[in-house]
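The lines below spell out each chain.
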Amino acid sequence: MGVSPAGRGRARGSVPEELSARVPAEQRGSGRDRDSVRLLVSRGTEVSHHAFVELPRLLKAGDLLIVNTSATLAAAVDGRIGHARVVVHFSTRGDDGRWAVELRDPDGRGTTRARAGGPAGTAVSLPGDVRLVLEEPLSPRGRRLWWGRVPDTDVPGLLRRYGRPIRYSYTDRDQPLSVYQTVFALPSDDGAGSAEMPSAARPFTSRLVAELVSRGVQFAPVALHTGVASAESHEPPYPERYEVPAVSARLVNAARAGGGRIIAVGTTAVRAVESATGEDGLVRAAKGWTGLVVTPERGVRAVDGLLTGLHEPEASHLLMLEAVAGAAVVDRAYDEALRGRYLWHEFGDVHLTLPSLPPERASL
């Protein structure tokens, strides 16, 4: 069944406000846990509806899930420029000790709104008599993110003491940092982490992981420290730090050689593993900075499927989905998600794309 032009317009446009997940799944009723979300499954343009706890029965022994182990930072800190209140979002730690930051205006509701960046030399007073100085834009593409220096300050320590998770306007209230950590999150030795949660992995619980392992599904950990997304202007992603360990590279290559499906948990996992994959399709250990933008024209070399949340269809996210699954699959899935009243954003429901079954197995 195809998607009507009207349906495609809904899928590619804004999401109805009432479909925003305002609180985590475990806070939406008694007896619920993180895995109490819905799961939309696409096999080609065929769509089926499930509970996330059914995931182990939708995968098979030999399949491999690539998971991002980056921990979420308490990346939002209150500050002042003169007498004006601002909120600083710490995005990415540079190799030279500077941080890419975004300045936002508080909106009076506990969240923030966009603010013009810069100019160079702007000084921001932070808690604990700390001073942030903006030095230059992160990229000539825009002036939203700036490189800033915080002299003689342990920024991860500053965030642990004074920071809170970045919160968006569709959520009801502040949440503790633990709500934004996935079951796969590991602390980094240098304090690096993600400004925003690698949210596709949020529905996983220890119980569900144990069941997947018991059924022969494997896990390959990678790390990609995500920066602050562009909520308003939908800019392409900036370079981000990543690492694909040698053992994970071997796991991916072995699973593929054995006929298993390689399924990335989140677009961050796609970006990391594809950055470490050669034109020959082999994954090799790699780390550093990646500026890779996965598009349908570039395609994917290592990934067969993707488990991802339902987000506002901004350009880079949608292009990556199309690279993995194809535009027709994305259109059909988003249309079905809207028709089925799935919940959007980091606390919402999730979408699993799998390769189409061959015709002789389509009835299985």
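Attention in this report is confined to the structure presented alongside it. Owing to the predicted nature of the structure, the values given are computational and were not obtained by experimental measurement.

Our focus in this paragraph is the environment of A21. With respect to the secondary-structure elements, A21 resides in the loop between α1 (5-12) and β1 (38-43). A21 gets classed as buried once you look at its relative accessible area, which sits at 1%. Here the alpha-carbon distance between A21 and D349, two residues 328 residues apart in the chain, equals 8.4 Å. In contact with A21, not counting residues within four places along its chain, are R28, Y170, T171, L343, W344, F347 and G348.

Bringing the side chain of E102 into the picture now. Tracing the chain through its elements places E102 in strand β6 (residues 99-106). The class of E102 is buried, set by a relative accessible area of 3%. One polar contact links E102 to R104, side chain to side chain, over a distance of 3.4 Å. Setting aside residues no more than four positions away along its own chain, E102 makes contact with V87, V88, H89, R144, L145 and V228.

So, about empty space enclosed by the protein. Evaluation of the coordinates by the stated rule reveals 3 cavities of 30 Å³ or more. Considering only enclosed or pocket space, the largest cavity measures out at about 80 Å³ in volume. Lining the largest cavity are 15 residues; nearest its centre among them are S199, P203, E346, F347 and G348. Considering each element in turn, the lining of the second largest cavity owes the most residues, 3 residues, to strand β5 (residues 84-93). Class assignment for the residues of the lining of the second largest cavity results in 3 nonpolar, 6 polar and 2 charged.

A side chain with one charge can pair with a side chain of the opposite charge if their charged atoms come near. A complete count under the given rule lists 28 salt bridges for this structure. Here R164 makes a salt bridge to D78, at a shortest N to O gap of 2.8 Å. Of this pair, R164 sits in the loop between α3 (155-162) and α4 (206-214) while D78 sits in strand β4 (residues 76-81), and the two are 86 residues apart along the sequence. Exposure remark for D78: the relative accessible area of 37% places this residue in the partly exposed category. A salt bridge links D304 to R256; the nearest nitrogen and oxygen atoms lie 3.5 Å apart. Residue D304 is located in the loop between β14 (286-290) and β15 (305-309), and its partner R256 is located in helix α5 (residues 246-257); the two are separated by 48 residues in the primary sequence. Overlapping salt bridges bring together D96, R98, E135, E136 and R149 as one network.

Thresholds applied
- Residues numbered from 1 in each chain as written.
- Predicted model: local features only at pLDDT ≥ 70, side-chain atom pairs only at ≥ 80, totals over all residues.
- Heavy atoms only, no water.
- Helix = DSSP H or I, 4+ residues; strand = E, 2+ residues; numbered from the N terminus.
- Buried < 20%, exposed > 50% of the residue type's maximum accessible area, 1.4 Å probe, protein only.
- Contact = heavy atoms within 4.5 Å.
- Polar contact = N/O pair within 3.5 Å; in protein donor to acceptor, adjacent residues only side chain to side chain.
- 1 Å grid on protein atoms, 1.4 Å probe; cavity = no way out; pocket = protein on both sides within 12 Å on 5 of 7 lines; lining within 4 Å.
- Points joined across faces, edges and corners; volume = space filled by probe spheres on them.
- Nonpolar A, V, L, I, M, F, W, Y, C, P; charged D, E, K, R; others polar.
- Salt bridge = Lys/Arg side-chain N within 4 Å of Asp/Glu carboxyl O.

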